[in-house]
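# Structural overview for review
Now for the letters of each chain:
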Amino acid sequence: MISGMDTANEQPPAPAPFPRLGSAAARLPTVLAAVAGCLFLVVATSVRTGNNLPPFIDTPTYNGNGGPTSFAGWTYLVTPVIATALGLCLLRWWPYLLAAAGLMAVPGIMADWVHTDFSWGWFLLPPAGYYLAVIAVLACAQGLFRSAAGWGAAVAALTMGSRLLGSAIAWSRTWELPGSAANAWHVALLALGLAALAPAVWRFRHGDLPAMGPAGGRSGQRIRMIIAGTLAAAVPIPLTMLTTQDLAGALGVTWFALSRQQTALLGTVTLVAVILLAALAGLWPLGATVTAALAQTAVVAPALLTITALAADDPARWAAALGAAALGAAAAGSRRRTALAGMLAVLAAISLFITYRATTGEPAKLADQQIVIPSVLILVLCSAAAAAVVGATAPALAQRGALPAVLGPLAGTLAVGALQTVQGTYLADGEPESSILSPIWHLTTSAELLLAVGAAIGGLGFAQVLATRRAERQQVEQIRLEAATGERDRLARSIHDGVLQVLALVQRQGPELGAEGGRLAALAGEQEVALRGLLVGGQSTGGRAARDLCAPLQALATPAVEVATPAQAVELPSAIAAEVVAAVRAALDNVRRHAGSGAKAWILLEDESDGVRVTVRDDGVGFPPQRPAEAAEAGRLGIAQSIRGRIADCGGSTTIESRPGEGTEVEFWVPRALPGRR
């Protein structure tokens, strides 16, 4: 078990009509299937390939040799693209994709086992199965994020760790010798993987909807992911059609001058193409693609160095690679995955800098002398850092349904292009080094890339925290608005059944009581209209729509009240506007009650750059400055609640100035947005 794993999503997903994997027992088939997929990846990457790239980062390409010359060559290039497109379209059926990937590895194993030459078509199955396995395991990880974010991130990290483990196995000096136990191990791993996969195939016999992402695969985002991932897998195909002569003619240089940097040029073209495709998928996929690809590129040179140094020590090499995969998965599964991934990347970079200085600029001494302990330490740190970084990018991608496409074909192809580009810096006496171990001599390049990876994953983590907090604030604000709306509706029903009926009764029967009754009826009519308008306006706006403050203030004008507003509209969020109007009404009510008979009032509305200022002034009798505080202590909270409280809730301020015989001036200032909202 991996300790410290969180079992809740970092951002609440939308409700979905499918069962959720809430308990450990319910998650067991999914976890076993993820382990099975990782076993398939170990088998696929523990076989040496003809290209000069490690198996975990290899991709079919002719590197500008003029393209395929036969139907078999074209099929070899197109098959991974078809497998990628098929896998991205069938994420829901990832257990079946994993089963197919495991079975596709059988022809290659059988060919070595029985020493029989199969037709070339059979040898197309293992590469296609490798692509299917990567996408299927990442789809499994994406499905786990609905109920256990830690397990999902750990599985995503294992897709990197298991391929590094397979590469460590493949570089054994005895692994592929005739009569070795390689085929027996491959058969055992495949059989174990297929057995572990069986429960998931049965459990998800109707498909796994969470594996398609939060939208269930019905949004345009999923279509963009399919297109971007498929085109990324197809990027090497047009590059195979370019010969050295063609490139030299297009650039206006000699073929000899170009041949020295041809690999770097093709890598640059690959970088540009994949980055554009990742940008098509979105900003988060773009950032995660670059970060994961840099991590894979940075670990190549240390892996070559340490695996070569440990080639004759199988237990140490395998144990180191296996421990690195477990450490990377544990870091990714932790709640502190971003910090741990960044820390591992920095530690790995420091170890490479120390190694370079300790070997006096010749890290190959580590491999030549087969020094075990430093090699194990470097392999564990670098491999764990790469796996942890890949896992740390997974949460943001899973929330957008982009995990399989980004950490599969997009990051994989970009890593190939980045490695080819970096190879342009591997120079000896001004000439590119042709050895497959040339990255070892430039170990500091990998260290610098690891530092960049640490910074990149830190930036992604910080952006994810900001996005999560923003989503939480929006959710809290939505809950608050819904609660306020419900409370308003409840009060509206009570007011309609009680207060409004009483005001209507006073308005009808007040004139029967004489002059005082008539004035009371008129006041009741005004209050009834104002109260109905407040209730209807509050229910309709919901606090979000903009509202012109001039009109409701102009409606307060009477022979005793003058209102001055700007010619243009002064718009505020409706919730703020309603509170301001209510506070002005309360101030005018105080004028009618306490300013004395015949007092007049003036309302001035001013539109400022960052807020709105409203002044209510009267020429009444005024009051001592300490009167509001005394009234609050006596329990009369008209000014404290109806005026100051309303404006304070809007994030504004209230100023009251009055002296006996000099009238009163009340000034409100409110910002243009509700407090806590940007």
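Higher on the page you've got the structure.
## Points about the overall build of the chain
The number of helices and strands found in the chain is 27 helices and nine strands. Across the 678 residues that make up the chain, the buried fraction comes to 49%. Expressed as a percentage of contacts within the chain between residues at least 6 apart in sequence, the contacts between residues at least 24 apart total 80%. Summed over all atoms, the accessible surface of the chain reaches about 30,800 Å², with 62% contributed by carbon and sulfur.

## Comments concerning the pairing of strand β8 (residues 653-658)
Here β8 shows a clear split, with Thr654, Ile656 and Ser658 buried on one side and none of Ser653, Thr655 and Glu657 buried on the other. Sheet topology note: the β8/strand β9 (residues 664-671) ladder contains six bridges and is antiparallel. Each bridged residue has a counterpart across the sheet, and for Ser658 the counterpart in β9 is Thr664. Between β8 and β9, which pair antiparallel in sequence order, lie five residues; one of them, Gly661, sits at a positive phi of approximately 80 degrees.

## Topic: the environment of Ala396
Mapped onto the fold, Ala396 is located in helix α19 (residues 394-398). Along the chain, Ala396 and Trp284 lie 112 residues apart, while their C-alpha atoms are 7.3 Å from each other. For Ala396, the residues in contact, after removing those within four places along its chain, are Trp284 and Gln464.

## A short note on the nonpolar core
Residues Trp94, Leu98 and Leu407 are the most contacted members of the largest nonpolar core, which totals 129 residues. Looking at this core, the element that brings in the most residues is helix α5 (residues 125-144), giving 14 residues. Formed by 34 residues, the second largest nonpolar core is a distinct cluster that contains Val581, Ala586, Ala601 and Val612.

## Some remarks on the sheet that holds β8
Neighbouring strands of a sheet are bound in pairs by backbone hydrogen bonds; such pairs are parallel or else antiparallel. Strand order in the open sheet formed by five strands is β4-β6-β7-β9-β8, and the pairing between neighbours is mixed. Each of the sheet's edge strands pairs with one partner strand only, and the pair in question is β4 (561-564) and β8. Adjacent strand axes in the sheet meet at a mean angle of 10 degrees, parallel and antiparallel pairs treated alike. Relative to β9, strand β7 (residues 611-618) is paired through eight bridges, and the arrangement is antiparallel. When the bridges of β9 are listed, Val616 appears paired with Val666.

## A look at helix α18 (residues 372-392)
With 21 residues, α18 extends 30 Å from end C-alpha to end C-alpha; this agrees with the ideal 30 Å at 1.5 Å per step. Along α18, 16 of the 21 residues are buried, which leaves the element largely enclosed by surrounding structure.

## Overview of the pattern of salt bridges
Pairs may arise between side chains of opposite charge once their charged atoms sit close together. Inspection of every chain in the model, using the stated rule, returns four salt bridges. Between Lys600 and Glu562 there is a salt bridge whose closest N-O contact spans 3.4 Å. Of this pair, Lys600 sits in the loop between α25 (574-594) and β6 (601-607) while Glu562 is found in strand β4, placing the two residues 38 residues apart along the sequence. Among the salt bridges present, the one from Glu608 reaches Arg613, with a minimum N-O distance of 2.7 Å. Salt bridges sharing common partners tie together Glu608, Arg613 and Glu667.

## So, the packing of aromatic side chains
Two aromatic rings are characterised by how far apart their centres lie and by the angle between their planes. Following the criterion strictly, the structure yields three aromatic pairs and no others. Ring geometry for Tyr130 versus Tyr131: centroids 5.7 Å apart, planes at 90 degrees, classification edge-to-face. Residue Tyr130 shares its accessibility class with Tyr131, and that shared class is buried. When the ring centre of Trp202 is taken as origin, the NZ or CZ atom of Arg205, which lies over that ring, is 4.0 Å away. The ring of Trp602 carries Arg617 above its face, with NZ or CZ at 4.8 Å from the centroid.

## Notes on the side chain of Thr270
Summarising the element assignment, Thr270 is placed in helix α12 (residues 262-281). Excluding residues that lie within four positions of it along the chain, Thr270 makes contacts with Val235, Leu239, Thr413, Gly417 and Gln420.

Reading the values: rules and limits
Sequence order sets the numbering: in each chain, residues are counted from 1 along the sequence as written. In keeping with the model being predicted, local features are shown solely for residues with a pLDDT of at least 70 and side-chain atom pairs are shown and tallied solely at 80 or more, while totals for entire chains, interfaces and linings include all residues. In computing side-chain values, all of the structure's heavy atoms are included and hydrogens and water are not. Secondary structure elements are defined from DSSP: runs of H or I of at least 4 residues count as helices, runs of E of at least 2 residues count as strands, and each element is numbered from the N terminus. Buried residues are those whose accessible area, probed at 1.4 Å on protein chains only, stays under 20% of the maximum for their type, while exposed residues exceed 50% and partly exposed ones sit between those limits. Any pair of residues with heavy atoms lying within 4.5 Å of one another is described as a contacting pair. All accessible areas in this document rest on Shrake-Rupley with a 1.4 Å probe, and a residue is counted as covered only by the protein chains that are shown. Here, a strand pair is defined by DSSP locating no fewer than two bridges between the strands. The nonpolar core is taken to be a set of buried Ala, Val, Leu, Ile, Met, Phe, Trp, Tyr and Cys residues, with the residues joined through side-chain atoms within 4.5 Å. Angles shown run from 0 to 180 degrees and are taken between the N-to-C directions of axes, each axis being a line fitted to C-alpha atoms and, for helices, limited to the stretch in contact. A helix is expected to span 1.5 Å for every residue after the first. One side-chain nitrogen of Lys or Arg within 4 Å of one carboxyl oxygen of Asp or Glu is enough to make a salt bridge. Note on aromatic pairs: the rings of Phe, Tyr and Trp (six-membered ring only in Trp) are paired at centre separations within 6.5 Å, and the planes decide the class, stacked below 30 degrees, edge-to-face beyond 60, tilted for the rest. Note on criteria: charge over ring means Lys NZ or Arg CZ within 6 Å of the ring centre, with the direction from the centre no more than 35 degrees off the ring normal.

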